[in-house]
Amino acid sequence: MEELLKRELNTSKLKSLGRTGGGCISEGSSYDTDLGRVFIKINGKEEARMMFDGEAASLEALTSMQVVKVPAPIKVISLPKGGAVFVMENLEITSGLSQHAALLGEQLAKEVQAVDKFGFDVSTCCGIIPQDNTWLDTWPELFARKIDQQISMAEEEYGDREARSLWSQVVPKLSTFFKDLDIKPALLHGDLWNGNAAEDKDGPVIFDPASFYGHGEFDLAISNLFGGFGRRFFDSYFKVIPKAPGYQNRLELYKLFHYLNHWNHFGGGYQGSSIRTLQSVVKAASS
């Protein structure tokens, strides 16, 4: 591994600083190199190259927006025996948000429209599940495709039929969730829970993205789940972009994606929350 990294990074110095994170999907370590300190994520799965290529493209796109700080991607390297390594800038960050939650909310609300369609140039993975980001003209089309993909996976893996039955009641009425909204494509993080945000001495930092261009509110769904970001974050966001009519119903709709995604990652413990959220969405669509 060390010789591969030295060769691919064109560095004679490669001093390991030990494991410094990486999450539940990949292992992470920091190294001192001729390039400076880098952070390296390693994953031995067959799909790791695609996953890391999507993450690198996400970081490049977020960097180009010049709004929220992210680690700069350096290189994705395939491993000889399968899997891949992702090398990126090592940022000196603290765990979680404390001083800069409000600033992150403000930054995320500064939606920069750089495209006129919804999707992304490459597949990105929310966890280890690749998303079909093929460009579409409208946001409801793209979102419906993402939900359909997740439900199809649950059907195949767990033999579930209830989720499909409930979702089929929503699809004909999906447009009601977006009535009177003029949704412009915003570059999303795609997986913005509190474990994927931190801060350095200058402000907030976000990482581990699964980006695509979609509705800005989508990022707020998982920000409300699994610990969330707290009131200062949301107050700051809505000060820049006030809540649009129907926000609470759309929040449930967007939470649905993440509950289904967790079901497909971690099993039946998330089946109940997925079905309950679907039932809530069906009720909202019919009201």
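Residues numbered from 1 in each chain as written. Predicted model: local features only at pLDDT ≥ 70, side-chain atom pairs only at ≥ 80, totals over all residues. Heavy atoms only, no water.

We apply this condition: UniProt positions are given in the numbering used here, feature names are shortened, and annotations may be inferred rather than shown by experiment.
For the chain, the name recorded in an unreviewed UniProt entry is protein-ribulosamine 3-kinase, with Batillaria attramentaria as its organism. Note on the chain: under the UniProt heading Sequence similarities (unreviewed entry), the record states "Belongs to the fructosamine kinase family."

## Observations regarding the overall build of the chain
Our working rule: Only DSSP runs of H or I with at least four residues qualify as helices, and only runs of E with at least two residues qualify as strands; both kinds are numbered from the N terminus onward. Radius of gyration here is computed from C-alpha atoms only, and the compact-globule reference equals 2.2 Å multiplied by the residue count raised to the power 0.38. Whether a residue is buried, partly exposed or exposed follows from its accessible area with a 1.4 Å probe, protein chains only, as a fraction of its type maximum: under 20%, in between, or over 50%, in that order. Here, residues are in contact when the closest pair of their heavy atoms is within 4.5 Å. Working definition of accessibility: Shrake-Rupley area with a 1.4 Å probe, residue cover restricted to the visible protein chains. For the charge count, each Lys or Arg is scored as positive and each Asp or Glu as negative, with His and the chain ends excluded. Working definition for charges: the position is that of NZ of Lys, CZ of Arg, CG of Asp or CD of Glu.
Each helix and strand in the chain was counted, giving nine helices and twelve strands. For the chain, whose C-alpha radius of gyration is 19 Å, the value lies close to the compact-globule estimate of 19 Å for 287 residues. Principal-axis analysis of the C-alpha atoms places the extent of the chain at approximately 65 × 45 × 35 Å. The buried share of the chain, taken over its 287 residues, is 51%. Contacts in the chain between residues far apart in sequence, at least 24 positions, make up 63% of those at least 6 positions apart. When the accessible surface of the chain is summed, it comes to about 13,400 Å², and 48% of that surface belongs to carbon and sulfur atoms. When the 30 basic and 37 acidic side-chain charges of the chain are each reduced to a single mean position, those positions are 4 Å apart.

## Examining the environment of Tyr-270
If you trace the backbone, Tyr-270 turns up in the loop between helix H8 (247-266) and helix H9 (271-286). Separated by 238 residues in sequence, Tyr-270 and Asp-32 have C-alpha atoms that sit 40 Å apart. Excluding its chain neighbours within four sequence positions, the residues that come into contact with Tyr-270 are Phe-226, Tyr-259, His-262 and Trp-263.

## Looking at the pairing of strand S4 (residues 73-78)
Using the following cut-off: For two strands to be treated as a pair, DSSP must find no fewer than two bridges joining them.
When S4 meets strand S5 (residues 84-89), the two strands line up antiparallel, connected through five bridges. The residue bridging Ile-77 from the neighbouring strand is Val-85, located in S5. Count of turn residues in the S4/S5 antiparallel hairpin: five residues, of which Gly-82 carries a positive phi of about 105°.

## Digging into empty space enclosed by the protein
Our working definition: Cavities and pockets are defined on a 1 Å grid built over the protein atoms alone: a cavity is a set of grid points where a 1.4 Å probe fits but cannot escape, while a pocket is an open set with protein on both sides within 12 Å along at least five of seven lines, and lining residues are those with an atom within 4 Å of any such point. Grid points are joined across faces, edges and corners, and a volume is the space filled by probe spheres set on the points.
On inspection of all chains with the given rule, the structure shows one cavity of 30 Å³ or more. Estimates place the volume of the largest cavity at around 240 Å³. As for the largest cavity, its lining consists of 19 residues, of which Leu-62, Gln-107, Leu-108, Lys-110 and Leu-187 are closest to the centre. When residues of the lining of the largest cavity are traced back to their parent elements, those giving at least two are helix H2 (48-65), helix H3 (101-109), strand S9 (186-188) and helix H6 (218-223). No other element matches the three residues that S9 contributes to the lining of the largest cavity.

## Focus on the packing of helix H5 (residues 162-170) against H9
A pair of packed helices is characterised by two quantities: the angle between their axes and the separation of those axes. Keep this limit in mind: Between N-to-C directions, angles span 0 to 180 degrees; the directions come from axes that are lines fitted to C-alpha atoms, helices contributing only their stretch in contact. Angles are sorted into four bins: roughly parallel if under 35 degrees, roughly antiparallel if over 145, roughly perpendicular if 65 to 115, and oblique for all others. Two helices cross in a left-handed way if the nearer one is turned anticlockwise from the farther one by less than a right angle. They cross in a right-handed way if the turn is clockwise. Gly is placed with the polar residues, together with every amino acid not listed as nonpolar (Ala, Val, Leu, Ile, Met, Phe, Trp, Tyr, Cys and Pro) or charged (Asp, Glu, Lys and Arg).
Packing of H5 against H9 leaves a shortest axis separation of 9 Å and a crossing angle of 20°. Judged by the inter-axis angle, H5 sits roughly parallel to H9. Our pair here, H5 against H9, has a crossing hand that is left-handed. Only Ile-275, Leu-278, Gln-279, Val-281 and Val-282 of H9 make contact with H5, whose side of the interface consists of Glu-162, Ala-163, Leu-166, Trp-167, Gln-169 and Val-170. A class-by-class count of the residues in the contact of H5 with H9 yields eight nonpolar, two polar and one charged.

## Structural notes on the sheet that holds strand S6 (residues 94-95)
Taken together, three strands build an open sheet; the order of strands is S6-S10-S11 and the sheet is antiparallel. With one partner strand each, in any of the chains shown, S6 and strand S11 (204-206) form the two edges of the open sheet. The pairing of S6 with strand S10 (residues 197-199) spans two bridges and is classified as antiparallel. Looking at the pairing, Thr-94 lines up with Glu-199 of S10.

## Digging into the pattern of salt bridges
Selection rule: Just to be clear on terms, a salt bridge is a Lys or Arg side-chain nitrogen sitting within 4 Å of an Asp or Glu carboxyl oxygen.
Within this structure, the stated rule accounts for 17 salt bridges. Among the ionic pairs, Arg-37 bridges to Asp-32, the shortest N-O distance being 2.8 Å. A residue is classified by how much of its surface remains accessible, and Arg-37, at 40% relative accessible area, is partly exposed.

## Description of the packing of aromatic side chains
Defined as follows: The rule is short: rings of Phe, Tyr and Trp, with Trp giving its six-membered ring, pair when the centres are within 6.5 Å, and they are stacked under 30 degrees, edge-to-face over 60, tilted in between. A ring has a charge above it when a Lys NZ or an Arg CZ is no more than 6 Å from the ring centre and no more than 35 degrees off the ring normal.
If you walk through the whole model with that rule in mind, you get 21 aromatic pairs. Measuring from ring centre to ring centre gives 5.7 Å for Trp-139 and Phe-143, while their planes differ by 40°; the resulting arrangement is tilted. With Trp-139 and Phe-143 both in helix H4 (residues 139-158), this residue pair falls four residues apart, about one helical turn. The burial state of Trp-139 is the same as that of Phe-143; both residues are buried. Between the aromatic rings of Phe-226 and Tyr-270, the centroid separation amounts to 6.4 Å while the plane-to-plane angle is 80°, which identifies the pairing as edge-to-face. Separated by 44 residues along the polypeptide, Phe-226 in the loop between H6 and helix H7 (231-240) and Tyr-270 in the loop between H8 and H9 bring together distant segments of the chain. Among the residues examined, Tyr-270 registers a relative accessible area of 26% and is labelled partly exposed. The structure contains a cluster of three or more aromatic residues connected by ring pairs, namely Phe-118, Trp-139, Phe-143, Phe-212, Phe-218, Tyr-254 and Phe-257. Above the plane of the ring of Phe-238 lies Lys-243, whose end atom (NZ or CZ) is 5.1 Å from the centre.

## Side note on the layout of surface pockets
A volume near 210 Å³ is recorded for the second largest pocket. Residue lining of the second largest pocket: 14 residues in total, with Glu-111, Asp-182, His-215, Glu-217 and Ile-241 positioned closest to the centre.

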